[in-house]
2 protein chains.
Amino acid sequence: MSRSVLVSGGCGFIGSHLVDRLLLRADLGKLVVVDNLWTGVQQNIEHINDPRLSLEVQDAESFASHQRFDEIMHLASPASPSWYMREPVRTIKANIGGALNLLTLLKPGGRFCFTSTSEVYGDPLVSPQPESYRGSVDCIGPRSSYDESKRCTEALLFESQRISGLDVRVARLFNTYGPRTRIDDGRAISNFISQALTTGILTVYGDGLQSRSWGYVEDIVDGLERFFWRDNISYRGTLNIGNDCEVSVLEIANFVCSLVPGSRVEHHPPAPQDPTNRCPDLTLARRVLPDWGAKVSYQEGVRLTLEWFREQVSEWRSANMESSAVPAMRPVSGA
Amino acid sequence: MSRSVLVSGGCGFIGSHLVDRLLLRADLGKLVVVDNLWTGVQQNIEHINDPRLSLEVQDAESFASHQRFDEIMHLASPASPSWYMREPVRTIKANIGGALNLLTLLKPGGRFCFTSTSEVYGDPLVSPQPESYRGSVDCIGPRSSYDESKRCTEALLFESQRISGLDVRVARLFNTYGPRTRIDDGRAISNFISQALTTGILTVYGDGLQSRSWGYVEDIVDGLERFFWRDNISYRGTLNIGNDCEVSVLEIANFVCSLVPGSRVEHHPPAPQDPTNRCPDLTLARRVLPDWGAKVSYQEGVRLTLEWFREQVSEWRSANMESSAVPAMRPVSGA
């Protein structure tokens, strides 16, 4: 049976990698990407030449279609604080408005997949964070548009599961990095790399001892692929997907400096409500997705990402000969 | 200057009391109530004969108007678990969709007031709960449609305040009871009273030792009135409004039994995720609203509510002579 799939946010960083994986499916008949190109870029899927794929440049919350889909994967949302903090209302609309609208495009019995976030745990008082942890989110704080709209979209989906038996897959993604991150994304690894390649000054917020579990995008998308369609899964709750090896922001910055001669770290005041730690408890993930785990070390992942960013910066420079300033330099805030 | 005000949910229990107070304002030129009569009833405002008042029977999330308002008070939402747990998607739409839509009807520089809830604290690990407490909400639990959509609406409003200077007033209401609660509302006090007056059997979920702070509606609406328009307030955060005198569910049930001869308590299994306690920390409320506080004891409040319910039941019976069963008997769950 040929399957029709919709991916919102399919031109984004993680979305475009997921699109690559989806097109490897023999049972996929049609893949519609809905993306308003707010943080996503069309270039992320330009390498694809597949008649099954089409792009609709529209908001997830207002996309209309006569088609109905077997599977919908809702990834449309900025994920970087420096992006969602600038447009919080739009962020809330993308997440909840997007889910409410896309649910109307799902065939009866279809599957709805959603990329939630470790931000539902806020600044956690428990580490590592199991799925059952209720979180410590300031619901009126500067990160609340993202955190609360992800939480509320989870509520919407699981309540729909409870009331009408909706087939729901909700992954809580932890920090993810890798090729196709925007140069001006603003989160730590991509920021350090683009800064190293341009100004040479890596901005670390606070002392840099706040830790993160950095997941390389291929590892993360492996997990998503298995959870969303490849494995036969009976588990119906939320699932943490991330790397559980914690590394401090400063260690990453120093490692990037070691790869780019002449670059150095500069400390800036802490970002507002930047969590002090974030690490997935993967007990459940290991049970639901046997043998899955993050396999790429941060050293390897950062090298691969650096390589990709070098190409981007060099392309950008040759396209903009008059200036060597790349757009990564806007103020950013936290990982 | 004559002010135009919109109240969503103005036919509801608290909404209709707020409408009464608004109509006492000399500066009020026009009052539009938007209510889809899902849990509100038109009867709650039928006693009003004031040319300034008009009712639009519509959803808050889709109400359209060419008018723009000086003040919007967004109360549209079911508040009883037995109601919102039956229609969680609609509950989410009413809260967030309602706020997003109504914001477009606010005049530049206008004020947006929202009745949030103590449910944002979930099953609290801290008691009493100050506004700064981040809460313990299961964002995929059976109460999540209400809890999370209230949290996310708070996020929306405070992010709008941060980004565009929106004048926001957000009250976190604790348990409220009194005249104009639906007979089939399903929350503890009204339920006990309507049960006492009909079947004579008061259903207490669990051991009944879970405590609540019961606020009589006139006291609560006093607080809202002062916070939303009467006092000149510079404080711009969320504000707890409730009674901080904790009384157990069982004590209320026993008191109702003492007023209605022949009635008795029957214990049922606990309601899902019924919080074990809920009590406002009113430190901030006392500073922001000097001399405000709950003045009506539960004994007095329950008597007043019982009196009102007696009239309702008797009216209902004379209108439905063929049966003495009033609609309070549907399964309910928790306070």
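Procedures and definitions
- Residues numbered from 1 in each chain as written.
- Chains lettered and ligands numbered in written order.
- Predicted model: local features only at pLDDT ≥ 70, side-chain atom pairs only at ≥ 80, totals over all residues.
- Heavy atoms only, no water.
- Least-squares fit on C-alpha atoms with pLDDT ≥ 70 in both.
- Contact = heavy atoms within 4.5 Å.
- Buried area = accessible area lost by both parts, 1.4 Å probe.
- Salt bridge = Lys/Arg side-chain N within 4 Å of Asp/Glu carboxyl O.
- Polar contact = N/O pair within 3.5 Å; in protein donor to acceptor, adjacent residues only side chain to side chain.
- Helix = DSSP H or I, 4+ residues; strand = E, 2+ residues; numbered from the N terminus.
- Nonpolar A, V, L, I, M, F, W, Y, C, P; charged D, E, K, R; others polar.
- Buried < 20%, exposed > 50% of the residue type's maximum accessible area, 1.4 Å probe, protein only.
- Pairing = 2+ DSSP bridges.
- Core = buried A, V, L, I, M, F, W, Y, C linked by side-chain atoms within 4.5 Å.
- UniProt positions renumbered as here; feature names shortened; annotations may be inferred.
- Axes fitted to C-alpha atoms, helices over the stretch in contact; angles between N-to-C directions.
- 1 Å grid on protein atoms, 1.4 Å probe; cavity = no way out; pocket = protein on both sides within 12 Å on 5 of 7 lines; lining within 4 Å.
- Points joined across faces, edges and corners; volume = space filled by probe spheres on them.
- Domains from an automatic or database assignment.

Trainee: Help me out: how do you make sense of the relation of the copies chain B and chain A in this one?
Mentor: Two copies of a chain can be linked by a rotation about an axis combined with a shift along that same axis. Screw-axis analysis of chain B against chain A gives a translation of 0.0 Å along the axis, an RMSD of 0.0 Å, and a rotation angle of 180°. Read as a symmetry element, the transformation amounts to a two-fold axis. No C-alpha of chain B lies nearer the rotation axis than that of Cys152 of chain B, which sits 3.3 Å from it. Both copies present the same face, since 100% of the interface residues in chain B are matched by interface residues at the equivalent positions in chain A.

Trainee: I tried to follow the interface of chain B and chain A on my own but got confused; where do I start?
Mentor: Interface size is often expressed as the accessible area that is lost when the parts come together. Taken residue by residue, the interface counts 35 residues in chain B and 35 residues in chain A. Between chain B and chain A lies a buried interface of about 2,800 Å² when both sides are counted; carbon and sulfur atoms form 64% of it. Scanning the region where chain B abuts chain A turns up two salt bridges. One salt bridge connects Arg151 of chain B with Glu148 of chain A, and the closest N-O pair in it is separated by 2.8 Å. The tally of links between chain B and chain A comes to 10 residue pairs in polar contact (both at pLDDT 80 or more). For the side of chain B that touches chain A, the elements supplying multiple residues, two or more each, are α3 (88-103) and α4 (144-164) of chain B. Top contributing element to the side of chain B that touches chain A by residue count: α4 of chain B, with 14 residues. By residue class, the composition of the side of chain B that touches chain A is 15 nonpolar, nine polar and 11 charged.

Trainee: Where do I start with the pairing of strand β4 (residues 69-74) of chain B in this structure?
Mentor: Consecutive side chains of a regular strand alternate in pointing toward one face of the sheet and then the other. Residue and element names in this part refer to chain B. Within β4, six of the six residues are buried, which leaves the element mostly enclosed by the surrounding structure. By the bridge criterion, four bridges tie strand β1 (residues 3-8) to β4 in an arrangement that is parallel. Paired with Val5 across the two strands is Glu71, which belongs to β4. Looking at chain direction, β4 and strand β5 (residues 106-117) are connected through five bridges and run parallel. Paired with Met73 across the bridge in β5 is Cys113.

Trainee: What am I meant to see in the nonpolar core here?
Mentor: A general trend in soluble globular proteins is that nonpolar side chains are found buried together. Membership of the largest hydrophobic core comes to 47 residues, with the highest contact counts inside it found for Leu6, Ile72 and Phe112 of chain A together with Leu6, Ile72, Ile96 and Phe112 of chain B. By residue number, the principal contributor to this core is α3 of chain B, which donates five residues.

Trainee: Explanation requested: helix α5 (residues 188-197) of chain A in the structure shown.
Mentor: Since the α-helix advances by 3.6 residues per turn, residues separated by three or four positions end up pointing in the same direction. Residues and elements named next belong to chain A. Burial of α5 is extensive: 10 of the 10 residues sit out of reach of the surface. Within α5 the residues assigned to the buried category are Ala188, Ile189, Ser190, Asn191, Phe192, Ile193, Ser194, Gln195, Ala196 and Leu197. Those residues of α5 that are buried are in contact with β7 (176-177), β8 (201-205), α7 (249-259) and α9 (298-319).

Trainee: Sorry, what's going on with the pattern of salt bridges here?
Mentor: A side chain with one charge can pair with a side chain of the opposite charge if their charged atoms come near. Evaluated as defined, the whole model comprises 55 salt bridges over all chains. A salt bridge links Lys107 of chain A to Asp70 of chain A; the shortest N-O distance between them is 3.2 Å. Highlighted residues: Lys107 of chain A in strand β5 (residues 106-117) and Asp70 of chain A in strand β4 (residues 69-74), separated in sequence by 37 residues. Close ionic contact of Glu87 of chain B with Arg90 of chain B constitutes a salt bridge, the shortest N to O distance being 3.3 Å. Arg90 of chain B gets classed as partly exposed once you look at its relative accessible area, which sits at 29%. Salt bridges sharing partners connect three or more residues here, namely Arg3, Arg25, Asp27, Asp70, Glu71 and Lys107 of chain A.

Trainee: What is the right way to look at unusual backbone geometry in this model?
Mentor: Phi is mostly negative for residues that are not glycine, and the peptide bonds are mostly trans. The omega torsion of the bond from Ser127 of chain A to Pro128 of chain A falls at -10°, within 30 degrees of zero and hence cis. Looking at the element boundaries, Pro128 of chain A is found in the loop between β5 and α4 (144-164). You will see that Leu37 of chain B, though not glycine, has its phi angle at about 55°, which is positive. By the secondary structure assignment, Leu37 of chain B is in the loop between β2 (28-34) and β3 (53-56).

Trainee: Can you help me understand the UniProt feature "domain: NAD-dependent epimerase/dehydratase" (unreviewed entry) in chain A in this one?
Mentor: In the numbering used here, UniProt assigns the feature "domain: NAD-dependent epimerase/dehydratase" (unreviewed entry) to residues 5-242 of chain A. The straight-line gap between the two end C-alpha atoms of residues 5-242 of chain A is 24 Å; of that span, 32% is helix and 24% is strand.

Trainee: What exactly am I supposed to notice about the sheet that holds β5 of chain A here?
Mentor: Hydrogen bonds between backbone groups are what pair the strands of a sheet, and the pairing can be parallel or antiparallel. All names here are of chain A. As summarised here, the arrangement of the seven strands in space is β3-β2-β1-β4-β5-β6-β11, forming an open sheet in which the pairing is parallel. Each of the sheet's edge strands pairs with one partner strand only, and the pair in question is β3 (53-56) and β11 (238-241). Across the sheet, the mean angle separating the axes of adjacent strands is 20° when strand polarity is ignored. Each of β4, β5, β6 (167-173) and β11 is contacted by helix α6 (residues 217-230), which is oriented at about 165° to β6, the strand it contacts most.

Trainee: Please clarify how the layout of surface pockets should be interpreted in this entry.
Mentor: A probe as big as a water molecule, rolled over the atoms, marks out the empty space that is left. For the largest pocket, the calculated volume is near 360 Å³. Every residue lining the largest pocket is counted, 14 residues in all, and those nearest its centre are Val41, Gln43, Ile183, Trp308 and Gln312 of chain A. Of the residues contributing to the lining of the largest pocket, the split by class is five nonpolar, five polar and four charged. Both domain 1 (3-176 + 215-241) and domain 2 (188-211 + 244-278 + 297-329) of chain A contribute no fewer than three residues apiece to the lining of the largest pocket. Every residue lining the second largest pocket is counted, 13 residues in all, and those nearest its centre are Val41, Gln43, Ile183, Gln312 and Trp316 of chain B.

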